[in-house]
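# Per-entry structural report
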Amino acid sequence: MGTNRKCYSIQFVASALTLADVERIAALSHLELTDGEKELFRRQLADILAYAEQVQQIDTTGVPATAHVDAGRSVERADELTPCLPVEAALANAPEANRDAGLFKVPRVIGG
Amino acid sequence: MTAAQSARDLREQIVSGSTSAAEVCREHLARIEQANPKLNAFNTITRDRALERAAAIDRRRAAGDALGPLAGVPIALKDNMCVNGVRTTASSRILDTFVPPYDATVVRKLEAADAIIVGKTNCDEFAMGSSNENSAYGPVLNPWALDRTPGGSSGGSAAAVAARLTPLALGSDTGGSIRQPASLTGVVGLKPTYGRVSRYGLIALASSLDQIGPFARTVGDAALALSILAGPDSMDSTAAHEPVRDYMAALTGDVKGIRIGVPRAFIEAGVHEAVLRAFNAALDVLRDRGAEILDVALPHARYAVPVYYLVMTAEASSNLARYDGVRYGHRAAGAETLQLLYSRTRDEGFGPEAKRRIMLGTYVLSAGYYDAYYLKAQQVRTLLRRDYAQAFEQVDVVAMPTSPTAAFRLGEKTSDPLQMYLADIFTVSANLTGAPGISIPCGFTADVGAEAPGTTAPRLPIGLQLIGRMFDEGTLLKVGDAYQRATDWHTQAPA
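Rules and cut-offs
- Note that residues are indexed from 1 along each chain, following the sequence as it is written.
- Here the convention is simple: chains get letters from A, ligands get numbers from 1, in the order in which they are written.
- Since the coordinates come from a predicted model, pLDDT governs what is reported: local features require at least 70, and pairs of side-chain atoms require 80 or more to be given and counted, while whole-chain, interface and lining totals use all residues.
- Only runs of H or I of at least four residues qualify as helices and only runs of E of at least two qualify as strands under DSSP, and these elements are numbered from the N terminus.
- Residue burial is a threshold on neighbouring C-beta atoms within 10 Å of the residue's own C-beta, all placed from the backbone, with 20 or more meaning buried, 12 or fewer meaning exposed, and counts in between meaning partly exposed.
- Any pair of residues counts as being in contact when their C-beta atoms, constructed from backbone geometry, are within 7 Å of one another.
- By this definition, two strands are paired if DSSP reports at least two bridges between them.
- Note on geometry: axes are C-alpha line fits, over the in-contact stretch for helices, and angles between N-to-C directions span 0 to 180 degrees.
- Angles below 35 degrees are treated as roughly parallel, those above 145 as roughly antiparallel, those between 65 and 115 as roughly perpendicular, and all remaining angles as oblique.
- Should the near helix be turned anticlockwise from the far one by less than a right angle, the crossing is left-handed, and should it be turned clockwise, the crossing is right-handed.
- Residues are grouped as follows: Ala, Val, Leu, Ile, Met, Phe, Trp, Tyr, Cys and Pro are nonpolar; Asp, Glu, Lys and Arg are charged; every other residue, Gly included, is polar.
- Throughout this description, the term nonpolar core refers to a group of buried Ala, Val, Leu, Ile, Met, Phe, Trp, Tyr and Cys residues whose C-beta atoms join them within 7 Å.

### Section: the overall build of chain B
- Secondary structure assignment for chain B yields 16 helices and 11 strands.
- Expressed as a percentage of the 495 residues in chain B, the buried residues total 64%.

### Comments concerning the overall build of chain A
- Helix and strand counts for chain A stand at four helices and two strands.
- When the helices and strands of chain A are read in sequence order from the N terminus, they spell out α-α-α-α-β-β.
- A total of 112 residues make up chain A; the buried ones form 18% of that total.
- Long-range contacts, defined as pairs at least 24 residues apart, comprise 40% of the intrachain contacts of chain A with a sequence gap of at least 6.

### Details of the interface of chain A and chain B
- Listed per partner, the contact involves 48 residues of chain A and 61 residues of chain B.
- Of all the secondary-structure elements, those providing two or more residues to the side of chain A that touches chain B are α1 (2–15), α2 (19–28), α3 (35–52) and α4 (87–91) of chain A.
- Here the side of chain A that touches chain B gets seven residues from one element, more than from any other, and that element is α3 of chain A.

### Topic: the sheet that holds strand β11 (residues 461–468) of chain B
Residue and element names in this part refer to chain B.
- If you walk across this open sheet you meet the 11 strands as β1-β3-β2-β4-β6-β5-β10-β11-β9-β7-β8, and the pairing is mixed. On the outer flanks of this sheet lie β1 (42–45) and β8 (292–295), each paired with one strand and no other. Pairwise comparison of adjacent strand axes, ignoring direction, gives a mean angle of 30 degrees for this sheet.
- As paired elements, strand β9 (residues 397–401) and β11 share five bridges and run antiparallel to each other.

### Some points on the pairing of strand β5 (residues 188–191) of chain B
Residue and element names in this part refer to chain B.
- Side-chain alternation along β5 places Val188 and Leu190 on one buried face and Gly189 and Lys191 on a second face that is also buried.
- Two elements, β5 and strand β6 (residues 212–216), share two bridges in a ladder whose sense is antiparallel. Paired with Gly189 across the bridge in β6 is Phe215.
- Relative to strand β10 (residues 437–444), β5 runs antiparallel, the two sharing three bridges. Note that in β10 the partner of Leu190 across the bridge is Ile438.

### Regarding the packing of helix α10 (residues 304–319) of chain B against helix α13 (residues 371–394) of chain B
Residue and element names in this part refer to chain B.
- Taken N-terminus to C-terminus, the directions of α10 and α13 make an angle of 130 degrees; their axes are 9 Å apart at the nearest point. By the angle class used here, α10 and α13 are oblique. In terms of crossing hand, the pair formed by α10 and α13 is left-handed. Across the interface between the two elements, Ala304, Val307, Leu310, Val311 and Ala314 from α10 touch Tyr373, Tyr374, Ala377, Gln378, Val380, Arg381 and Leu384 from α13.
- Class assignment of the residues belonging to the contact of α10 with α13 gives a composition of 10 nonpolar, one polar and one charged.

### Concerning the nonpolar core
- In this structure, Ile75, Ile116, Val188, Phe215, Val307 and Leu310 of chain B are the most contacted members of the largest nonpolar core, which totals 172 residues.
- Among the elements that make up this core, the one with the highest residue count is α10 of chain B (10 residues).
- Here Leu310 of chain B is in contact with Ala52 of chain A together with Val364, Tyr373, Tyr374 and Ala377 of chain B, once residues within four sequence places are set aside.

### Some points on the environment of Lys376 of chain B
- Residue placement: Lys376 of chain B occurs in helix α13.
- Here Lys376 of chain B falls in the buried class, since 26 other C-beta atoms lie within 10 Å of it.
- Residues Lys376 of chain B and Phe279 of chain B, spaced 97 residues apart in sequence, show a C-alpha to C-alpha distance of 33 Å.
- Among residues more than four places away in sequence, those in contact with Lys376 of chain B are Val55, Gln56 and Thr60 of chain A together with Asp371 of chain B.

### Section: helix α5 (residues 155–162) of chain B
Residues and elements named next belong to chain B.
- Within α5, eight of the eight residues are buried, which leaves it mostly tucked inside the rest of the structure.
- Three or more residues of α5 are buried, namely Gly155, Gly156, Ser157, Ala158, Ala159, Ala160, Val161 and Ala162.
- Of the residues trailing α5, Arg164 is marked for its positive phi of about 60 degrees.

In structure tokens form, the structure reads like this:
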């Protein structure tokens, strides 16, 4: 099985998780980690992944994935306007906002 | 004193006029304010709001108005459920100052039933943990032994009910976060079927697993709470339209002919001796009352923890992407670019367990690893659901201990996240399959053998877990209620 071969090669990768791997994952996660955190997480994530890899021993050929237990049918409602959060309430928790204009504020992303 | 009474008794006394909602509220607030410096069970106590609402109930009673099914009953909410105008933190620094602009559906329903919300309880950060030690506000202590954890993540709600601070509390259960702390503190904890209770206004951890449910001291009170909480919701498309059954009608005490399946091989692989003895004794009680005890096989149950930690972290990494310092919560100072604003805000705002799970989830979803981890875990999740479906062809209920051990010491597992994750071995299956589960007090460690010879072991509660068919909370409540009629564990209170 091609899938299984791929899994076994990854088992090797996970137990040898490098600091560069941790930095890559941290960047994807939008987390700026300290050097201490990077080394701690490298060890802990490698341990957890090595443990989790036992699922790869199970033959799941032809088994569909469960993303959701599908407890109810999908629900729709009439396409009608209903009351929603007023702008001032939505902005009330914002660390920085232009409340008169009704906008959240972030650092400049376009131009200099 | 009204503080040790059940929700049902309190409501009756308030409606009959033998006490007032204001008096009940004052007594419970006094107990909370006295106990909280020791237990750290509450993040926020809503004293003024609660007293105002209690007085309003008394005025309505005086005017001859009908009162709701929880009239004047004090209730505590885990601090991951939004209450309009009341600080809601999920025990995270990143939400330290968050004040929701709307009510969760469970809040709306409880207050429509005239319950009185007395505060928001401490929990693991974003409900991530099995010991409450991941809270940004410090751990909750177990009322039975102050050097022990109350379990997690809904540890504050469990401790509040165990210490008789409130008769009812709500928690959320993603991998055992209602049932495990219920077990470790000696109270009833019910995780309803996935979709049975709306999650609108619940701060999300893992959306295919999260469910809200009640803590109580009696199964009857849990049934009453579920009657109020259950049902569809136009604000939550995952809230099921399945008809809500009459849970109070299930409380007959009669379990004759109910078939209880026990996955012996799975249980005995990793459970403490005292827990196993209390569990077996509980099965004897149910057998004596007419239930039939059968063996069932759940061959994939031993993979439930790894599957859970792959699926849950993947979903958590996605749900926690919203905390970016823009719309609410903490924001790092002085970040010059949007990228730095995000990454510094999140590094400062999240605690170590939240970071660990975000990283793990991001990793298992990332290109090249998705098939081997996330997809594989979802396939094994299907095999686990099939195991349970087969078991439920032979039996009505599956019984297991709730937790492999009684309450462990604070600090015992904090340095090794994997050991902490294994505390969830018996609870995660119900979340992965969607099935309802309940934990019911079934004894104490010291009654069934001390932990080790020559030590003075504290007397710690043990929980019996029952798992049922989808939407069959009624049978769990029936069996649990019958068990409580035959035993008095639930009437015992910590010193």
